[in-house]
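# Chains, contacts and geometry: an overview
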There are 2 protein chains.
Amino acid sequence: MEIDDRKLKILKAIISNYLETGEPVGSRTISKFTDLNLSSATIRNEMQDLEEMGFLKQPYTSAGRIPTDKGYRLYVDQMMVEKDSEMEEMKTQLLERVDKMESMLKQVAKVLAYNTNYAALVSAPQYQNSKLKFIQLSQVDDNQMLAVIVVDNNVIRNKLIPIDRPMENDEILKLNVLLNTFLQGASLQDINLEMIHTIKNQAGEYAEVMEGIFQGITEAIHEADEVEIYTNGATNMLKYPELGNVEQTTKLLEALEDRQGLDELIDETLHNDSDTGIQVYIGEETPVSSMKDCSIVTATYELAEGAKGTIGIIGPKRMDYQKVVSTLKNLTGELDEIFKKKE
Amino acid sequence: MEIDDRKLKILKAIISNYLETGEPVGSRTISKFTDLNLSSATIRNEMQDLEEMGFLKQPYTSAGRIPTDKGYRLYVDQMMVEKDSEMEEMKTQLLERVDKMESMLKQVAKVLAYNTNYAALVSAPQYQNSKLKFIQLSQVDDNQMLAVIVVDNNVIRNKLIPIDRPMENDEILKLNVLLNTFLQGASLQDINLEMIHTIKNQAGEYAEVMEGIFQGITEAIHEADEVEIYTNGATNMLKYPELGNVEQTTKLLEALEDRQGLDELIDETLHNDSDTGIQVYIGEETPVSSMKDCSIVTATYELAEGAKGTIGIIGPKRMDYQKVVSTLKNLTGELDEIFKKKE
DNA sequence: GTTAGCACTCAATCCATTAGAGTGCTAACA
DNA sequence: TGTTAGCACTCTAATGGATTGAGTGCTAAC
């Protein structure tokens, strides 16, 4: 059977009503609610068709209809029209405190959760392809060197390196020159064993110190490769009782608290990039098992130099997709702006 | 009325039973449960006395008894005396790397939550009056200077400062010397307007750059004095339905997620130090309003140089106090070990 | 002082009934 | 042929009365 215009209209009305109320939608409601001027009986017939086609289902016999995953999918794909309102307030919230990346991303998660009333998730950008801009060694005290590593999007990492004996100033200067000569402009993958070996050779008597330095650098790199994930508003999920039993919700909250499976989710979103950067996972489509009863909407943002991150919303299947999508789009845009300014 | 030995025994039996089951305890249960060989009627009489004395209450007429806050308090005090395994004094050296510490403390929170099935809370050690240890200016590119500021607990802060024109190497060197001469070892209070003025004067044409640096310094010191708090196992709270309505629990979870009032709690524990380092807050005694229906057990640990931190458990009033207390004691001991090894 | 016994209380559970929201089907209608 | 009115039917949720049973308080007897 083909889905015609009227069926589409009815389906849309049903889903949209269900999104608001969370209750199964009856034929009479639709008969009154839409401007189709059809009786409830006719709507019922259409509903039967739509159920047959797999877009709707009844939670139990002779109850109203609720959308299936397939129904949501159609709704999301075909009927999404963006709402651009409500964005201004959010922008001001965002700009209040933007000094450090970490606190900014946390802030983003908070704003997102607060504005949508769902759970929010933000991943820090991954810098696999970024290049080293600057390395600086300096002596903090007799037992410690400080290595400051600046990546070209101005992400800065610090490492404290224990040393056996104090170094002279000009020695430090020499090492700094050496390090910057070899490593400036190198991407993090470029720093391989061979290069390390070369540098160590040239470091002469400080090869040993260099050992500690490289260890610090690799640690820093490793740390940079790790995806930080911030979540917020997990407790919002308690507001949607239709997420089934308490156990299911508890599992979900635990997953959010412990970041279980969130790595996979982030990976998935980064690799499975759509045209718009927006992706919607409905019910069983989600890559995380504890979220099978939810929907996830994600957007990827991109800094210069190919560093990408994900922001997303986890909510009930009956989430306000329009609002969430437009919120995410605006926020990624905003993030882009901010990062550009910081450069 | 005086509380005699038998009453105490009965009270303990009641509380201990209630801790297990979470259900009001009846006289018959106690009659069988204890080795007192008393009939339920006698127990009932005693129970009435205990209720009159404020240790027990009935959730409704003709139900069994449950402990009041006062009852719990007696129980806990009594228990502490009996167990009396003394806390060894915790002396540890300053931690080498603060960044490692973060993940360790997170781990501690996780272990704590997992083992007790309550919510866990860990605060990073607090250094009052952090002092500036080292400051380094360097040039990242033509438009930016990088100021690296190391505070004496090895908290490192970076600040990028935009500049109009590139600076010469020896100029930078001069500024570095200037800054370190004046500021090394200074605490936040030391860095007053007068000092800033002096330095700015000596900086000559770079007074403007100095502005940004001072800002970075104050931020860094503030950050060092800020208490990081890690939580885990918040979702465990969903397992205890007697925490009243869902709203109350939601509030609690939100407080844990957003760290609302946790600062106050940590402050309280640090100032209100008991002999053993263990503190128990029951019901209304808790400093955080969203936890009035819970109990909180905390332990403080102490690093060298007066840096103190808190680890704690938040759970229902009927928590397994013995287990929690001994777990906390063990963990603080464990922390002690770890810090010593890292010396 | 302790206990047995009994009347009483009250939340929880069960059960039957009802209300009502909604469907499916059929027959009539335009 | 598509639409609609009408009606029987289904199933959940809500209601409320009866019942259960754990547990108390009191009294009288040991």
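Above: the structure in question.
The present account deals with the structure reproduced in this document. Along each chain, numbering runs from 1 in the same order as the chain's sequence is written. Naming scheme: in the order in which they are written, chains are lettered from A and ligands are numbered from 1. Residues qualify for local features only when their pLDDT is at least 70, as the model is predicted, and side-chain atom pairs are given and counted only at 80 or more; totals for whole chains, interfaces and linings, by contrast, use all residues. Computation of side-chain values covers all heavy atoms of the structure but excludes hydrogens and water.

## Some remarks on the pattern of salt bridges
Residue and element names in this part refer to chain A. Which entries qualify depends on this criterion: Salt bridge criterion: a side-chain nitrogen from Lys or Arg within 4 Å of a carboxyl oxygen from Asp or Glu. Secondary structure counts use DSSP, requiring at least four H or I residues in a row for a helix and at least two E residues in a row for a strand, with both numbered from the N terminus. Accessibility here uses a 1.4 Å probe with only protein chains present; expressed as a share of the type maximum, an area under 20% marks a residue as buried, one over 50% as exposed, and anything in between as partly exposed.
As enumerated under the stated definition, the model contains 14 salt bridges over all chains in all. Here Arg6 makes a salt bridge to Glu46, at a shortest N to O gap of 2.5 Å. Here Arg6 is found in helix 1 (residues 5–21), whereas its partner Glu46 is found in helix 3 (residues 40–52), with 40 residues between them in sequence. Given a relative accessible area of 5%, Glu46 falls into the buried group.

## Concerning the relation of the copies chain A and chain B
Keep this limit in mind: Residues reaching a pLDDT of at least 70 in both copies supply the C-alpha atoms on which the copies are superposed by least squares. What makes two residues a contact is simply this: any of their non-hydrogen atoms within 4.5 Å.
When chain A is fitted onto chain B, the two copies agree to an RMSD of 1.6 Å after a turn of 179 degrees and an axial shift of 0.7 Å. On the angle and the small slide along the axis, the relation comes out as a two-fold axis. In this assembly the copies share their binding face: 87% of the residues contributing to the interface of chain A also contribute to that of chain B.

## Some words on the sheet that holds strand 8 (residues 278–282) of chain B
Residue and element names in this part refer to chain B. This is how it is decided: Strand pairing is defined by DSSP finding a minimum of two bridges between the two strands. Lines fitted to C-alpha atoms define the axes, with helix axes restricted to the stretch in contact, and inter-axis angles between N-to-C directions lie between 0 and 180 degrees.
Sheet architecture is open: 5 strands sit in the order 7-3-10-9-8, paired in antiparallel fashion. Two strands lie at the open edges of the sheet, namely strand 7 (229–232) and strand 8, each paired on one side alone. Neighbour to neighbour, the strand axes of the sheet diverge by 15 degrees on average, direction disregarded. Here strand 9 (residues 294–302) runs beside strand 10 (residues 308–316); their pairing, made up of 9 bridges, is antiparallel. Directly across from Thr300, in strand 10, lies its bridge partner Thr310.

## A look at the sheet that holds strand 7 (residues 229–232) of chain A
Residues and elements named next belong to chain A. The 5 strands lie next to each other as 7-3-10-9-8, forming an open sheet whose pairing is antiparallel. Only two strands of the sheet have a single neighbouring strand rather than two, namely strand 7 and strand 8 (278–282). The mean inter-strand angle of the sheet, taken between neighbouring strand axes irrespective of direction, is 15 degrees. Alignment of strand 3 (residues 119–123) against strand 10 (residues 308–316), held across 4 bridges, turns out to be antiparallel. In the sheet register, Val122 faces strand 10, and the bridge partner there is Ile311.

## A closer look at the side chain of Thr327(A)
Here is the rule: Here a polar contact is taken to be a pair of N or O atoms separated by no more than 3.5 Å, where protein atoms must pair a possible hydrogen donor with a possible acceptor and residues adjacent in sequence count only if both atoms sit in side chains.
Mapped onto the fold, Thr327(A) is located in helix 12 (residues 321–342). Polar side-chain contacts of Thr327(A) include one of 2.5 Å to the backbone oxygen of Lys323(A).

## A short note on the layout of surface pockets
The gaps left among the atoms become clear once a water-sized probe is rolled over them. Applicable threshold: A cavity here means a set of 1 Å grid points, computed over protein atoms only, where a 1.4 Å probe fits but cannot escape. A pocket is an open set with protein on both sides within 12 Å along at least 5 of 7 lines, and lining residues have an atom within 4 Å of a point. Grid points are joined across faces, edges and corners, and a volume is the space filled by probe spheres set on the points.
Computed from the structure, the second largest pocket encloses a volume of approximately 950 Å³. Taken together, 33 residues form the lining of the second largest pocket, with Gln136(A), Leu173(A), Gln136(B), Leu173(B) and Asn176(B) sitting closest to its centre. Among the secondary structure elements, those contributing two or more residues to the lining of the second largest pocket are strand 4 (132–141) and helix 7 (169–183) of chain A together with strand 4 (132–141) and helix 6 (169–183) of chain B. Element by element, the count of residues in the lining of the second largest pocket is highest for strand 4 of chain A, at 8 residues.

## Side note on the interface of chain A and chain B
Just so we agree on the cut-off: Buried area: the accessible surface (1.4 Å probe) lost by two parts on joining, summed over both. Classes in brief: Ala, Val, Leu, Ile, Met, Phe, Trp, Tyr, Cys and Pro nonpolar; Asp, Glu, Lys and Arg charged; the others, Gly included, polar.
With 31 residues of chain A at the interface, the matching set in chain B holds 33 residues. Both sides of the chain A and chain B interface together cover about 2800 Å² of buried area, and 53% of this is carbon and sulfur. Considering only the side of chain A, the residues that lose the most area to chain B are Leu160(A), Thr235(A) and Glu257(A), jointly responsible for 19% of the buried surface there. Remark: the boundary between chain A and chain B carries 0 salt bridges. Elements with a minimum of two residues in the side of chain A that touches chain B: strand 4, strand 5 (144–151), strand 6 (156–162) and helix 10 (246–258) of chain A. Among the elements that take part in the side of chain A that touches chain B, strand 4 of chain A stands out by supplying 7 residues, more than any other. Grouping the constituent residues of the side of chain A that touches chain B by class yields 12 nonpolar, 10 polar and 9 charged.

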